[in-house]
Amino acid sequence: ALSGTWHIEGDSLGAEFSLTSNLAFSTTYVFQVLPGAQDKGHHTLASGYTAIYTTRPFEVDYFYPEKGSTDIYTSTSVSFGLTGPIDQASVDGAVSINPSLPFSISSWDNYISIYPQYQWATSTHYVVTLGTSLKAKNGAHLSTPFSLDFTTQPFMISWMSPSDGSTNVYRS
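Throughout, residues of each chain are indexed from 1 in the direction in which the sequence is written. The predicted origin of the model limits local features to residues at a pLDDT of at least 70 and limits the giving and counting of side-chain atom pairs to 80 or more, whereas totals for whole chains, interfaces and linings rest on all residues. Excluding hydrogens and water, the side-chain values take into account all heavy atoms of the structure.

Caption draft 1: Up close: the overall build of the protein. Along the protein, the regular secondary structure elements total one helix and twelve strands. Helix numbering and strand numbering both begin at the N terminus, where a helix is a DSSP run of H or I of at least 4 residues and a strand a DSSP run of E of at least 2. Counting helices and strands in the order they occur from the N terminus, the protein gives β-β-β-β-β-β-β-α-β-β-β-β-β. Our radius of gyration is a C-alpha quantity, and the globule rule it is checked against amounts to 2.2 Å times the number of residues to the power 0.38. For 172 residues, the compact-globule formula gives about 16 Å, and the C-alpha radius of gyration of the protein, at 26 Å, lies well above that figure. A principal-axis box enclosing the C-alpha atoms of the protein has dimensions of 85 × 45 × 25 Å.

Structure follows, in structure tokens:
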């Protein structure tokens, strides 16, 4: 049984059950209202009601850049959003980058951001992986590793001041 509180709407035509804690990952729940349940006006439910649903697993829900992206800026951070709060102690050992380079990690709640210590190398294909040692605060692990790959932009001039064709440019 789940712990929570029932809230009856003012007109007593509806009710809401508020949980006191989160549901477990990858779990099937059965919700039942038995025949004979009554509202404030003593109206009796003739037949029961059953709803069955399954919660999502602990998994990556959001990521940036998109898998297979090209021309990614060399200063771009890689970000992941997961379906639940992360056990922060599990993050460092769960991240790998190929080809390897020094990086730092920032993580909070259910988000992870990865920053190259200097910059990603130009014209390079990278694969960033979150391993199955990554876990949620409740102890659930990623069931399979999650990888995303991207290729950085080539070496090029991306900005210049003054821009080409400028007139009346200051001399100092």
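Still to come is the rest of the account.
Caption draft 2: Structural view of the pattern of salt bridges. Each reported salt bridge corresponds to a side-chain nitrogen of Lys or Arg within 4 Å of a carboxyl oxygen of Asp or Glu. Tallying each qualifying case throughout the model produces three salt bridges. Of the charged contacts, one joins Arg-56 and Glu-59 as a salt bridge, the two residues approaching to 3.1 Å between their closest N and O atoms. Residue classification places Glu-59 among the partly exposed positions, given a relative accessible area of 28%. Among the ionic pairs, Asp-61 bridges to Arg-56, the shortest N-O distance being 2.9 Å. Throughout, exposure labels follow a simple rule: accessible area from a 1.4 Å probe, protein chains only, divided by the maximum for the residue type, with under 20% read as buried, over 50% as exposed, and the rest as partly exposed.

Caption draft 3: Representation of a nonpolar patch on the surface in the model. On the surface, Leu-2, Leu-19 and Tyr-53 cluster together into a nonpolar patch covering about 250 Å² of accessible area. Turning to its location among the elements, Leu-19 is positioned in strand 2 (residues 15–19). Patches here are clusters of residues that have more than 30% relative accessible area and form no salt bridge, with a 9 Å joining cutoff for like charges and a 5 Å cutoff for nonpolar side chains (Val, Leu, Ile, Met, Phe, Trp, Tyr). In this description, accessible areas are obtained by the Shrake-Rupley approach with a 1.4 Å probe, and a residue is regarded as covered only by the protein chains that are shown.

Caption draft 4: Structural detail: the sheet that holds strand 8 (residues 95–98). Between any two strands, at least two bridges found by DSSP are needed for them to pair. If you trace the four strands from one edge of the open sheet to the other, you get 6-12-11-8, paired in mixed fashion. In the strand order of this sheet, the two ends are held by strand 6 (69–72) and strand 8, each with one partner. The mean inter-strand angle of the sheet, taken between neighbouring strand axes irrespective of direction, is 25 degrees. Of the strand pairs in this sheet, strand 8 and strand 11 (residues 125–130) are connected by four bridges, and their pairing is antiparallel. When the sheet's bridge partners are listed, Ser-96 is paired in strand 11 with Thr-129. Only C-alpha atoms enter the line fits that serve as axes; for helices the fit covers just the stretch in contact. Angles between N-to-C directions range over 0 to 180 degrees.

Caption draft 5: Representation of the packing of aromatic side chains in the model. Here a pair means two rings of Phe, Tyr or Trp (six-membered ring of Trp) with centres within 6.5 Å. Their orientation is stacked below 30 degrees between planes, edge-to-face above 60, and tilted elsewhere. Scanning the entire structure with this criterion turns up ten aromatic pairs. Through pairs of rings, three or more aromatic residues link up here, namely Trp-6, Phe-17 and Phe-31.

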